[in-house]
Amino acid sequence: MKNTLPALGFALVASACSAFGRASPLPMDIHSHAQPNRVRVKHASLDLELDFERQEARGSVRLDLERLDPKAELVLDAQALVIEAVEGEDGKPRTFELGPEDKQFGSALTIALGASDRSVLVRYHTTKATQALQWLAPEQTHDKKSPYLFTQGQAILTRTWIPLQDSPGVRLTYEARITCPDGLTPVMSAEQLGRGKDGAWRFRMPQAIPSYLIALGCGEIAFLPISKRCGIWAEPGQVAAAREEFGDTEKMVQAAEKLFGPYRWGRYDLLILPPSFPFGGMENPRLTFATPTVLAGDKSLVSLVAHELAHSWSGNLVTNATWSDFWLNEGFTVYFETRIMEAVYGAERAQMERELAIGELERGMKELEPWQQVLHTKLDGHHPDDGFSDIPYTKGALFLSRLEQLVGRARFDVFLRKWFDQHAFRSVTTADLRAFMAQELFNGKEASGIDLEAWLEQPGLPADAPRPKTQSLAKVEREVERWKAKKDASALVCDGWVTQQWLHFLEGVADGIDAQGMGTLDGRFHFTQTGNCEILDIWLRLSIHCGYGAADARLEEFLMDVGRRKYLEPLYKELKQTPAGLERAKAIYAKARPRYHAVSSGTIDALLGWPTGS
Ligand code: BES
Ligand code: ZN
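S.K.: Kindly report on the overall build of the protein chain, identifying the contributing residues and their values.
M.R.: Along the backbone of the protein chain there are 18 helices and 21 strands. Projected onto its principal axes, the C-alpha coordinates of the protein chain cover approximately 80 × 60 × 50 Å. Look at the contacts in the protein chain between residues 6 or more apart in sequence, and 71% of them connect residues 24 or more apart. For the protein chain, the computed accessible surface area is about 24100 Å², with 52% contributed by carbon and sulfur atoms. Considering the protein chain, the positive charge centre built from 70 side chains and the negative charge centre built from 81 side chains are found 3 Å apart.

Right, here's the structure in full:
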């Protein structure tokens, strides 16, 4: 991609910054065209009309600017947008130029500012190629009555629905005026100000956030409270079940506050999306977006809420400054998630989840290139998504667990709380963390007792990574051995097993199982019919692997209905292993693809070599 900052630009611009203004210089972000060290966007006022018929959002955004270099032009990121006009503060047109479009990173939108412009207004509309938005037909929703729209900004998709400086180092406040058809309710990652006399809905986010956290959902949705500050938004036919499943949310917020300081965003609500939502959850501030696949009916998958809630500290309050520091968001969050789970559901449950995650990390590591196994990733020449794996999550959390082990929980908790307090509403790098660790944990010296280079800059998992082992999963391993010896499902002792135990069981029997064995297990445990998507996901993968045809119909139904990338990718990958499977994958994908969000179809397109543009 083009980036007009030369390699040495950071140092030069850093000194320029102190000459021109107050804002502290931001590190270079190779995934953005913006030059926030020259002119920085501080606030966005969105005014959008959602046109469900044309599947288009149209209107304008006003951007308030801090002009660090008074002579510099404003450079924004824009992708798949039609820019209609740009106006200065006087309402008169300003010249702008949309640079060449890079398929992954979009274009630089360069605007010539008038000498006194403190803001600009960009009039624009989205297009069919706008990847952040998914417009759903009524059939794709839970209640199947009304259309639906949602956005997904992380990592670099906000530029496909709003022209702005789409870099996680740039923080901005925002407000929005949204119009949509009667009967639909828009919600945003912001304070909901309600519907005005003009029929438009208004929102306000007074705290400065990175652009990837600007989010919008719109559909026929209802609200049920959980507590004074927590509640559920979901389609009317699903909201009561979701309220039940996530009934512990307030307890989680309280546990989190007790650990790492006050929840600073006012409300914490959840929006349950239609099943095509490409992620498990997305930590949009004040309003976590969540997949309905976590509605298992028994609260067994609620660690997802603990995770997205934890991002209210690690990620939303203290944000990775570049996508190379992504592990600072996710590793801290997984560590924090486990602490919340421990506080609310006890140590055994939390430990089981950690143990499962480590197993997954180790299985997945083999498929990653060495550069992808590094926490502080070098993303030159790569899309941020290429660094997405269990590494930033599980290896990142293990690094923090190792530090906890080293200095003791009491000291480590003080350290983390201070990290959040002192960096609140700021974006941080791996170097910032290293400096803070030296100062707060190691008396101003390089760390002792831990090899920071190995943990942060090298591939693989260091030998001192903690390896929790639980009784509950050890019990499962004994039954796995019994199964492997006799293949007799009726002899297995698994009364009272929880989801995490079943997951461990299925991973355990995977090695060496055949279609007949699958049939035997299915006969006793009815896995093909399970309503638990985590269990179903492994089961379907195994079914493909050993040609267990009795699960064929369920597999197709699942792939048609669910768009969560974490499930789709391994399933299509497994199908691809045989020529017949690949044919089947292509036949299903041809039907399913229009139902997936661009994040998921992008991944599956690449996996199946799908001709894009179709
Ligand atoms: N922020 C992530 C989702 C994300 C990461 C979106 C990178 C786009 C780019 C979110 O917090 C997350 O990690 N979700 C997980 C669930 C979690 C319980 C591990 C997911 O979606 O699977
Ligand atoms: Zn996360």
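S.K.: Can you break down the side chain of Thr158 residue by residue, with the values?
M.R.: Note that Thr158 resides in the loop between β9 (148-151) and β10 (171-179). If near-sequence neighbours (up to four positions away) are discounted, Thr158 is found in contact with Gly153, Leu164, Asp166, Ser211 and Tyr212.

S.K.: So what about the coordination of the zinc ion (ligand 2)? Which residues, and what values?
M.R.: Looking at the metal site, the zinc ion (ligand 2) is ligated by His307 (NE2), His311 (NE2), Glu330 (OE) and Glu330 (OE), spaced 2.0 to 2.7 Å from it. Given six donor atoms and angles of 53 to 160° at the metal, the environment of the zinc ion (ligand 2) is assigned as irregular. The sequence pattern formed by the donor residues of the zinc ion (ligand 2) is H-x3-H-x18-E. Here the residue His311 occupies a position in the loop between α4 (303-310) and β20 (318-320), and Glu330 occupies one in helix α5 (residues 326-345), the gap between them amounting to 19 residues. There is no split in this pair, since His311 and Glu330 are both buried.

S.K.: Quick rundown of the packing of aromatic side chains? Include the residues and the values.
M.R.: This model, assessed by the stated rule, comprises 37 aromatic pairs. Between Trp539 and Tyr548, the aromatic rings sit 5.9 Å apart at their centres with planes inclined by 75°, giving edge-to-face as the arrangement. Between Tyr572 and Tyr589, the ring centres sit 5.5 Å apart and the planes meet at 75°, which makes this aromatic pair edge-to-face. With Tyr572 in helix α16 (residues 565-575) and Tyr589 in helix α17 (residues 579-592), the pair connects residues that are 17 residues apart, well separated along the chain. Considered together, Tyr572 and Tyr589 belong to a single accessibility category, that of buried residues. Ring pairing ties together the aromatic residues Trp327, Phe332, Tyr335, Phe399, Phe412, Phe415, Trp419, Phe436 and Trp455, which thus form one cluster. Against the face of Tyr345 rests Arg349, its NZ or CZ located 5.0 Å from the ring centre. A cation sits over an aromatic face here: Arg565 above Phe388, 5.1 Å from the ring centre.

S.K.: Tell me about the sheet that holds strand β8 (residues 133-136), and please be specific about residues and values.
M.R.: Read from one edge to the other, the open sheet built from four strands follows the order β8-β9-β14-β11, with strand pairing classed as antiparallel. Of all the strands in the sheet, just β8 and β11 (185-188) have a single pairing partner and so form its edges. When strand polarity is set aside, the average angle formed by the axes of neighbouring strands in this sheet is 10°. One ladder, built from four bridges, connects β11 with strand β14 (residues 216-219); its direction is antiparallel. When the bridges of β14 are listed, Pro186 appears paired with Cys218.

S.K.: Just give me the short version of the packing of helix α14 (residues 533-545) against α16, but keep the residues and values in it.
M.R.: How two helices pack is summed up by the angle between their axes together with the distance between the axes. Where α14 meets α16, the closest approach of the two axes is 9 Å, and the angle between their N-to-C directions is 10°. Viewed along their axes, α14 and α16 adopt a mutual orientation that is roughly parallel. Of the residues in α16, those touching α14 at Cys533, Glu534, Asp537, Leu540, Arg541, Ile544 and His545 are Lys566, Tyr567, Pro570, Leu571, Glu574 and Leu575. Of the residues that constitute the contact of α14 with α16, the class distribution is seven nonpolar, one polar and five charged.

S.K.: Pulling in residues and values, what's your account of the pattern of salt bridges?
M.R.: Summed over all chains, the structure comprises 45 salt bridges. Lys573 is the partner of Glu367 in a salt bridge, and the nearest nitrogen-oxygen pair spans 3.5 Å. Separated by 206 residues along the polypeptide, Glu367 in the loop between α6 (347-365) and α7 (390-407) and Lys573 in helix α16 bring together distant segments of the chain. Of the residues examined, Glu367 reaches a relative accessible area of 61% and is grouped as exposed. Salt bridges sharing common partners tie together Glu49, Asp51, Arg54, Glu56 and Arg58.

S.K.: Explain the nonpolar core to me, using residue names and the numbers behind them.
M.R.: One finds Leu50, Trp161, Met188 and Phe399 to be the most contacted residues of the largest nonpolar core, which totals 142 residues. Element by element, the count of residues in this core is highest for α5, at nine residues.

S.K.: Account for the sheet that holds strand β13 (residues 201-210), naming residues and giving values.
M.R.: Paired through their backbone hydrogen bonds, the strands of a sheet run either parallel or antiparallel. What the seven strands build is an open sheet, ordered β4-β7-β2-β1-β10-β13-β12; its pairing is mixed. Of all strands in the sheet, those with a lone pairing partner are β4 (81-87) and β12 (191-195), marking the two edges. With strand direction ignored, the average angle separating the axes of adjacent strands in the sheet is 20°. Note that β4 and strand β7 (residues 119-126) share six bridges and pair antiparallel. Along β7, the bridge assignment pairs Ile83 with Tyr124.

S.K.: Could you give me a rundown of the packing of helix α12 (residues 499-510) against α14, with the residues and numbers involved?
M.R.: Relative orientation of the contacting elements α12 and α14 amounts to 10°, with a least axis distance of 9 Å. In terms of axis orientation, α12 runs roughly parallel to α14. The segment α12 lies against α14, with Thr499, Trp502, Leu503, Leu506, Glu507 and Ala510 engaging Glu534, Ile535, Ile538, Trp539, Arg541 and Leu542. When the residues that make up the contact of α12 with α14 are grouped by side-chain class, the tally is eight nonpolar, one polar and three charged.

S.K.: Describe unusual backbone geometry, naming the residues involved and giving the relevant values.
M.R.: Following Gln154, the chain continues to Ala155 via a peptide bond in cis, the omega torsion being 0°. By the element assignment, Ala155 lies in the loop between β9 and β10. Phi is positive for Lys299, which is not a glycine, with a value near 60°. With respect to the element layout, Lys299 can be found in the loop between β19 (287-290) and α4. When its relative accessible area of 27% is taken as the criterion, Lys299 is described as partly exposed. Within the chain, His526 stands out as a residue other than glycine whose phi angle is a positive 55°. Take His526: it is sitting in the loop between α13 (515-525) and α14.

S.K.: Can you tell me about the site of ligand 1, naming the residues and giving the values?
M.R.: Close contacts around ligand 1 come from 16 residues, with Gln154, Gly280, Glu283, Glu308 and Tyr393 the closest. Within the side chain of Gln154, a nitrogen or oxygen atom sits 2.7 Å from a nitrogen atom of ligand 1. One nitrogen or oxygen atom from the main chain of Gly280 is found 2.5 Å from an oxygen atom belonging to ligand 1. In isolation ligand 1 exposes 530 Å². Once the protein is present, 89% of that is buried. Going through the elements one at a time, β18 (281-282), α4 and α5 are the ones with two or more residues in the shell around ligand 1.

S.K.: Account for the pairing of strand β15 (residues 222-225), naming residues and giving values.
M.R.: Of the pairings in the sheet, the one linking β15 to strand β16 (residues 230-234) comprises four bridges and is antiparallel in character. When the sheet's bridge partners are listed, Pro225 is paired in β16 with Gly231. A loop of four residues connects β15 with β16, the two strands running antiparallel in sequence.

What counts and what doesn't
- Residues numbered from 1 in each chain as written.
- Chains lettered and ligands numbered in written order.
- Predicted model: local features only at pLDDT ≥ 70, side-chain atom pairs only at ≥ 80, totals over all residues.
- Heavy atoms only, no water.
- Helix = DSSP H or I, 4+ residues; strand = E, 2+ residues; numbered from the N terminus.
- Contact = heavy atoms within 4.5 Å.
- Areas by Shrake-Rupley, 256 points an atom, 1.4 Å probe, with all protein chains shown as cover.
- Lys, Arg positive; Asp, Glu negative; His and termini not counted.
- Charge placed at Lys NZ, Arg CZ, Asp CG, Glu CD.
- Donors = N, O, S within 2.8 Å, 3.2 Å for Na, K, Ca; no water.
- Tetrahedral: all angles 85-135°; square planar, octahedral: opposite > 155°, others 65-115°.
- Buried < 20%, exposed > 50% of the residue type's maximum accessible area, 1.4 Å probe, protein only.
- Phe/Tyr/Trp six-rings, centres within 6.5 Å; stacked < 30°, edge-to-face > 60°.
- Lys NZ or Arg CZ within 6 Å of the ring centre and 35° of its normal.
- Pairing = 2+ DSSP bridges.
- Axes fitted to C-alpha atoms, helices over the stretch in contact; angles between N-to-C directions.
- Parallel < 35°, antiparallel > 145°, perpendicular 65-115°, else oblique.
- Nonpolar A, V, L, I, M, F, W, Y, C, P; charged D, E, K, R; others polar.
- Salt bridge = Lys/Arg side-chain N within 4 Å of Asp/Glu carboxyl O.
- Core = buried A, V, L, I, M, F, W, Y, C linked by side-chain atoms within 4.5 Å.
- Near = heavy atom within 4 Å.
- Polar contact = N/O pair within 3.5 Å; in protein donor to acceptor, adjacent residues only side chain to side chain.

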